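Structural characterization, general
Residue-level listing of the chains:
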Amino acid sequence: MTPHEFDRWYWPVQHLRTFCEGLDIPASGTKAVLRARVLSTLRGEAPQPQAGRKRGKIAWARADLTPETVIDEGISFGPNVRGYFKGRIGARFRCHGDFMEWMRAAPGQTLADAEAAWHALEARGDDPAFRREIAECNNMLRYLRTLRDAHPDVSMAQAQACWAWKARQPARGGYVTFEESDLDQAARA
């Protein structure tokens, strides 16, 4: 496949990992990192070195976490950390991007501080005007939100059908964007 052809399409992360394995390049990282790595390899460029993960003093995957545990620059959001917060906050706990961003910017704070921050972040949801930012890497959710903002009468099932159709079409730079014609095209498919 040529770099131009690769860049014309949206690729789910599992397909990007398969590309990486087939090209014998590292298959770990975010979707944007994987996409850039495959593209540079297809162009014949040396793959970018993998960014080293910040190492902290705590082995977050195995640590016995308490409210007094101090957050360090190596914070990870695996099952142990998520389980800790689910145990403290309850089943409604979600480890959303806003919270992860807060924790990454909070070395020196404690997990008790993080719990308070989570509650403060969640309280914003009481404001009817509040909308959580959707990260660029979450292309499907951004597409669905844009479509449903433009057409509130479209059901989620219809919006998902549009996404399914559109994600199989060429996508400039690999990002699928909503266009008004998508509704007609998806209905015909």
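Reading guide: rules and limits
- Residues numbered from 1 in each chain as written.
- Predicted model: local features only at pLDDT ≥ 70, side-chain atom pairs only at ≥ 80, totals over all residues.
- Heavy atoms only, no water.
- pLDDT = per-residue confidence, 0-100.
- Helix = DSSP H or I, 4+ residues; strand = E, 2+ residues; numbered from the N terminus.
- 1 Å grid on protein atoms, 1.4 Å probe; cavity = no way out; pocket = protein on both sides within 12 Å on 5 of 7 lines; lining within 4 Å.
- Points joined across faces, edges and corners; volume = space filled by probe spheres on them.
- Nonpolar A, V, L, I, M, F, W, Y, C, P; charged D, E, K, R; others polar.
- Phe/Tyr/Trp six-rings, centres within 6.5 Å; stacked < 30°, edge-to-face > 60°.
- Buried < 20%, exposed > 50% of the residue type's maximum accessible area, 1.4 Å probe, protein only.
- Salt bridge = Lys/Arg side-chain N within 4 Å of Asp/Glu carboxyl O.
- Arc of directions from axis to C-beta.
- Contact = heavy atoms within 4.5 Å.

Considerations on the confidence of the model for the protein chain
Averaged over all residues, the pLDDT of the protein chain is 90; the fraction at 70 or higher stands at 96%. Mean pLDDT values over the elements of the protein chain span from 84, in helix α9 (residues 181-188), up to 96, in helix α4 (residues 79-89).

Structural notes on empty space enclosed by the protein
This model, assessed by the stated rule, comprises one cavity of 30 Å³ or more. Lining the largest cavity we find Y10, W11, L16, K31, A32, R35, C137, N139, G174 and Y175. If one sorts the elements of the lining of the largest cavity by residue count, helix α3 (residues 31-42) sits on top with three residues. Per-class residue counts for the lining of the largest cavity are six nonpolar, two polar and two charged.

Structural notes on the packing of aromatic side chains
Summed over the entire model, instances satisfying the criterion amount to eleven aromatic pairs. Aromatic side chains Y10 and W163 sit 5.1 Å apart centroid to centroid with 80° between the ring planes, which places their arrangement in the edge-to-face category. Taken together, the residues Y10 in the loop between α1 (3-7) and α2 (13-23) and W163 in helix α8 (residues 156-166) connect sequence positions 153 residues apart. For Y10, a relative accessible area of 14% corresponds to the buried category. Judged by its relative accessible area of 9%, W163 falls in the buried class. An aromatic cluster is defined as three or more aromatic residues linked by ring pairs; in this entry it consists of Y84, F85, F93, F99 and W118.

Overview of the environment of A186
Here A186 lies in helix α9. With 46 residues separating them along the chain, A186 and M140 place their C-alpha atoms 15 Å apart.

Here we look at unusual backbone geometry
The backbone phi angle of D24 is positive, close to 60°, even though this residue is not glycine. Here D24 is to be found in the loop between α2 and α3.

Examining the pattern of salt bridges
This structure, assessed with the given rule, holds nine salt bridges. Between R132 and E122 there is a salt bridge, with its nearest N and O atoms 3.2 Å apart. Here E122 lies in helix α6 (residues 111-123) and R132 lies in the loop between α6 and α7 (139-150), a separation of ten residues in the sequence. Residue K166 pairs with D182 through a salt bridge whose shortest N-O separation is 3.0 Å. Of the two residues, K166 sits in helix α8 while D182 sits in helix α9, which places them 16 residues apart along the sequence. Here K166 and D182 have matching classes, each one buried. When salt bridges that share partners are traced, they join D98, E122, R124 and R132 into one network.

Here's the deal with α8
By the burial criterion, the buried members of α8 are A159, C162, W163, W165 and K166. For α8, the arc enclosing every buried residue in end-on projection is 165°, short of the 170-degree limit, so these residues lie on one face. Buried residues belonging to α8 abut α7 and α9.

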